[in-house]
Amino acid sequence: MEGLLDINWRLFAIVTLNGLTLASLYFIVASGFSLIFGLMRVVNMAHGSLYLLGAYVGFEVSETSGSWLLGILAAGVVVAAAGAALQVSILSWMQGQDLRQALATIGVSIVAADLMLAQWGGSAYQISLPDAVSTFVPVPVAGRFAMARLMLIVLALIIGVGLWLMLNRTRIGMLIRAGVDDRRMLEALGVNVPLVFVGVFAIGAGLAGVAGVVGGSVLSVSPGEDARYLLSSLIVVIVGGMGSIPGAAIGALLVAMAETYGLAYTPTYGIVYTFALMVAVLAVRPQGLLGRAA
Amino acid sequence: MTRKILTAIVVLGLLAYPFLVNSFWLVQIGGRTMGFGTVVLSLVFLTAYTGMLSLAQMTVAGVAGYAVAYFTAPTGGVGMLLPWPVALILAMGLATLAGLLIGLVSVRTQGIYTLMITLAVAMAFYYLTLQNYDLFNGFTGFNNVEPPVILGLDLGAPLPFYYLSAALAALCYFGVRHVVRTPFGLALQGVRDEPQRVRALGYNVALLRILAFGLAGAIAGVGGILNLWLNASISPGSVALNPVIDVLMAGVLGGIGHPIGAYVGAFVFTVVDNFAIDFIARERFNTLIGLIFLAIVLFSPDGLTGLARRLWRRTTAEEKEGRESVRHGNEVGK
């Protein structure tokens, strides 16, 4: 009993809030990854590179223009274009050969990581936030918490709801869902499916770019982050279920919480919890918590 | 017949190799190709004969490497000194166990799912070695790990090390060639092609796959120990994303359909790695190898050996066409 009462509630609250922040970031990255997989069965191993590219573009633009919003906008657009280019130039040539596509994106990610290292060097950058959100807000128990981190949680909620609305309430969402269920039938109905593919790839990549700017502002940008966010996206969708946006949300929450609590309370074994979570899910539901059986 | 002559030439070439090159080519190219190639071989074995593409083979090699370092070269209070034969047996056992466990985790998946899950396993292991100081000595890892000296023969010296690496690589290579012709190996290929039918024949498909991962783990373990001795050190950087992907790249480069592709790929990879400086700046090695890899994936999915085989077939086919009329009579009964 003694031990229970001794819990540092303030630390616990801060760790929980940090976990939520990380979950938000993971969700934004992984939702794009999952969206792309859901429609095209492409495991985009270059998704982490798109994240990192977004972060660097956002850094450059916001530094030159002085506007953070312009930075995030530019990153979204540039990375969406890069994603569309990747689909058109390489992946569309081997549609349906999922393993070969995964290998090709691995090749792209290696070249991209190296070129970004050449351009921006090995040092870490921090994207400066607008003054309006560089403050702290009082929260119960935890004391105070960075405004920017709370805004990140709000942004993830907006993106989540927005994706859900787009997929379930709009015409393009209807096309995407139809494509997931029966691609050939959709083609037979006269829809330009390759164009839908490029569009979805652009949206998924754009989300990674936006996440890069947000991550670069709240945390930091450095080489190696691409691998980190690729890994988190992989585990999030393995846990949540490939191709499912609600699954990505649940997966992101579980993975980020496991990681944050693990690192806070048992520092040298933090990653083990994330891993154990993944293994447990695979043992019980190989298709992920909200995934459909293949 | 041609095949046997070719094998004999390659074996003789490998035996004579130390007397034809300088010590840099002997250890940094020859020795590295053998050690790294053996890790790649474990991947090629899994992919070619079971249809599972695993990205965790460098991780398993790392388990063996870390185990040998932990038991033979304790650093800063981390580790436990054991006689080297015990350390090697433990390391091989742990590598096999790691292979079996990875098989257990990914047995219910296939194709890109196996790729994703094994990559997740590999990255989890990397972060564990980075964060953990009790077993892995964190960021520093283990340094000054020397191969044993047996009866006055220093296995770390260039010539003995090369022959040791070549012998172990040959053992693994011919071992794989042998295993795939045993009932176990044939069952594996059955699982690769038609899992449902093999299951209907009464085989335990999951068990077969896990055992294949275990065998691949043992092979990767051999490669991991050789890599450790070559570098004399091991750290999280040895099991990070880059080396993990390097194994895949070397495999795809050489050709993932046949065991020899592993060593061809490892050789090309090592040569490019060492001589990229002559083509472009040393720092841009990854761009070069990444582009080569991409070109192979795009234009020759069965790698350099596949490319060579197709060229060979084309030339022999042309010859055959010329001699078609002559050979026609002899063809009967073949």
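This is a predicted model, so every value here is computed, not measured.

Q: Describe the overall build of chain B, and please don't skip the residues or the numbers.
A: A count of helices and strands for chain B gives 13 helices and two strands. Here chain B has a C-alpha radius of gyration of 21 Å; the compact-globule value for 334 residues is 20 Å, and the two agree. A principal-axis box enclosing the C-alpha atoms of chain B has dimensions of 75 × 55 × 45 Å. A burial count over chain B gives 51% of its 334 residues as buried. In chain B, of all internal contacts separated by at least 6 residues, the share reaching a separation of at least 24 is 74%.

Q: Describe the layout of surface pockets, and please don't skip the residues or the numbers.
A: Residue and element names in this part refer to chain B. Taken as a whole, the largest pocket holds about 1400 Å³ of empty space. Along the walls of the largest pocket sit 35 residues, with Leu6, Thr7, Val10, Tyr173 and Ile260 positioned nearest its centre. Of all elements in the fold, only helix H1 (2-16), helix H2 (23-50), helix H6 (158-179), helix H11 (259-279) and helix H13 (303-327) reach the threshold of two or more residues within the lining of the largest pocket. Taken together, the residues of the lining of the largest pocket break down into 22 nonpolar, seven polar and six charged.

Q: Lay out a nonpolar patch on the surface with the relevant residues and their values.
A: Residue and element names in this part refer to chain A. Taken together, the side chains of Ile7, Trp9, Leu11, Phe12, Val141 and Tyr265 make up a nonpolar region of the molecular surface, amounting to roughly 570 Å² of accessible area. The greatest single-element share of the nonpolar patch, amounting to three residues, is contributed by helix H2 (residues 9-40). Within the secondary structure, isoleucine 7 sits in the loop between helix H1 (2-5) and H2. Judged by its relative accessible area of 33%, isoleucine 7 falls in the partly exposed class.

Q: Any chance you could break down the pairing of strand S1 (residues 136-139) of chain A for me, citing the residues and the numbers?
A: Residue and element names in this part refer to chain A. Where S1 meets strand S2 (residues 143-146), four bridges bridge the pair, whose relative direction is antiparallel. Within the sheet, the bridge partner assigned to valine 137 lies in S2 and is phenylalanine 145. Taking the residues between adjacent antiparallel strands as the criterion, S1 and S2 are bridged by three residues, where valine 141 takes a positive phi near 65°.

Q: How would you explain the packing of aromatic side chains if you had to name every residue and give the values?
A: According to the stated counting rule, one finds 24 aromatic pairs over all chains in the structure shown. A ring pair is formed by A:Phe37 and B:Tyr113, whose centres lie 5.9 Å apart and whose planes are at 80°; its orientation type is edge-to-face. You can see A:Phe37 sitting in helix H2 and its partner B:Tyr113 sitting in helix H5 (residues 112-131), one on each of two chains. By relative accessible area, A:Phe37 is classed as buried at 1%. Measuring from ring centre to ring centre gives 5.8 Å for B:Phe269 and B:Phe285, while their planes differ by 85°; the resulting arrangement is edge-to-face. Residue B:Phe269 is located in helix H11, and its partner B:Phe285 is located in helix H12 (residues 285-299); the two are separated by 16 residues in the primary sequence. The class of B:Phe269 is buried, set by a relative accessible area of 4%. Put simply, the rings of B:Tyr66, B:Tyr70, B:Phe71, B:Phe125, B:Phe136 and B:Phe142 touch in pairs and so form one group of aromatic residues.

Q: I'd like a description of the domain arrangement of chain B, backed by residues and values.
A: Residues and elements named next belong to chain B. Split into domains, chain B comes out as domain 1 (53-235) and domain 2 (240-319). On a C-alpha basis, the centroid separation for the pair domain 1 and domain 2 is 23 Å. On the side of domain 2, 11 residues touch domain 1, which itself brings 13 residues to the contact. Carbon and sulfur atoms make up 86% of the surface buried where domain 1 meets domain 2, a total of about 1000 Å² over both sides. The largest per-residue losses of area from domain 1 upon contact with domain 2 belong to Leu55, Met58 and Tyr173, which jointly make up 45% of the total buried on that side. Linking domain 1 to domain 2 there are zero salt bridges. Inspection of the region where domain 1 meets domain 2 yields one residue pair in polar contact (both at pLDDT 80 or more). Those elements that place two or more of their residues in the side of domain 1 that touches domain 2 are helix H3 (57-72), H5 and H6. Per-element accounting of the side of domain 1 that touches domain 2 gives the leading share, five residues, to H6.

Q: Any chance you could break down the packing of helix H5 (residues 98-120) of chain A against H12(B) for me, citing the residues and the numbers?
A: Between two packed helices, both the angle of their axes relative to each other and the distance between the axes serve to describe the pair. Where H5(A) meets H12(B), the closest approach of the two axes is 8 Å, and the angle between their N-to-C directions is 160°. Judged on the interaxial angle alone, H12(B) and H5(A) are roughly antiparallel. Here H5(A) runs over H12(B); the crossing is left-handed. Judged by residue contacts, A:Arg100, A:Leu103, A:Ala104, A:Ile106, A:Gly107, A:Val108, A:Ile110, A:Val111, A:Asp114 and A:Leu115 of H5(A) engage B:Phe285, B:Asn286, B:Thr287, B:Gly290, B:Leu291, B:Phe293, B:Leu294, B:Val297, B:Leu298 and B:Phe299 from H12(B). The class makeup of the residues in the contact of H5(A) with H12(B) is 14 nonpolar, four polar and two charged.

Q: Help me get a handle on the UniProt feature "transmembrane region" (unreviewed entry) in chain A, residues and values and all.
A: All names here are of chain A. When the UniProt feature table is mapped onto this chain, "transmembrane region" (unreviewed entry) is found at residues 12-35, 42-59, 65-90, 102-121, 141-167, 188-214, 234-256 and 263-284. End-to-end, the C-alpha atoms of residues 141-167 are 38 Å apart, and along that stretch the chain is 78% helix and 15% strand. Along residues 234-256 the backbone is 83% helical and 0% strand, and the end-to-end C-alpha distance reaches 13 Å.

Q: For the UniProt feature "transmembrane region" (unreviewed entry) in chain B, give the residues involved together with the corresponding values.
A: All names here are of chain B. Under the present numbering, the feature "transmembrane region" (unreviewed entry) in UniProt falls on residues 33-56, 88-105, 112-129, 161-180, 201-230, 250-272 and 284-301. Secondary structure content for residues 33-56 is 75% helix and 0% strand, and the end C-alpha separation is 19 Å. Secondary structure over residues 88-105 splits into 100% helix and 0% strand, and the C-alpha atoms at its two ends are 26 Å apart.

Q: Residue-level account of the packing of helix H11 (residues 245-265) of chain A against helix H12 (residues 270-284) of chain A, with values.
A: Residue and element names in this part refer to chain A. Direction vectors running N to C along H11 and H12 enclose 150°, while the axes themselves pass 7 Å from each other. With respect to H12, the axis of H11 lies roughly antiparallel. When you trace H11 past H12, the crossing you get is right-handed. Counting all contacts with H11, which are made through Leu254, Val255, Ala258, Glu259, Gly262 and Leu263, the residues of H12 involved are Gly270, Tyr273, Thr274 and Leu277. Considering only residue class, the contact of H11 with H12 consists of six nonpolar, three polar and one charged.

So, how was this worked out
Residues numbered from 1 in each chain as written. Chains lettered and ligands numbered in written order. Predicted model: local features only at pLDDT ≥ 70, side-chain atom pairs only at ≥ 80, totals over all residues. Heavy atoms only, no water. Helix = DSSP H or I, 4+ residues; strand = E, 2+ residues; numbered from the N terminus. Rg over C-alpha atoms; globule rule 2.2 N^0.38 Å. Buried < 20%, exposed > 50% of the residue type's maximum accessible area, 1.4 Å probe, protein only. Contact = heavy atoms within 4.5 Å. 1 Å grid on protein atoms, 1.4 Å probe; cavity = no way out; pocket = protein on both sides within 12 Å on 5 of 7 lines; lining within 4 Å. Points joined across faces, edges and corners; volume = space filled by probe spheres on them. Nonpolar A, V, L, I, M, F, W, Y, C, P; charged D, E, K, R; others polar. Patch = residues over 30% accessible without salt bridge, like charges linked within 9 Å, V, L, I, M, F, W, Y side chains within 5 Å. Areas by Shrake-Rupley, 256 points an atom, 1.4 Å probe, with all protein chains shown as cover. Salt bridge = Lys/Arg side-chain N within 4 Å of Asp/Glu carboxyl O. Pairing = 2+ DSSP bridges. Phe/Tyr/Trp six-rings, centres within 6.5 Å; stacked < 30°, edge-to-face > 60°. Domains from an automatic or database assignment. Buried area = accessible area lost by both parts, 1.4 Å probe. Polar contact = N/O pair within 3.5 Å; in protein donor to acceptor, adjacent residues only side chain to side chain. Axes fitted to C-alpha atoms, helices over the stretch in contact; angles between N-to-C directions. Parallel < 35°, antiparallel > 145°, perpendicular 65-115°, else oblique. Left-handed = near helix turned anticlockwise from the far one by under 90°. UniProt positions renumbered as here; feature names shortened; annotations may be inferred.

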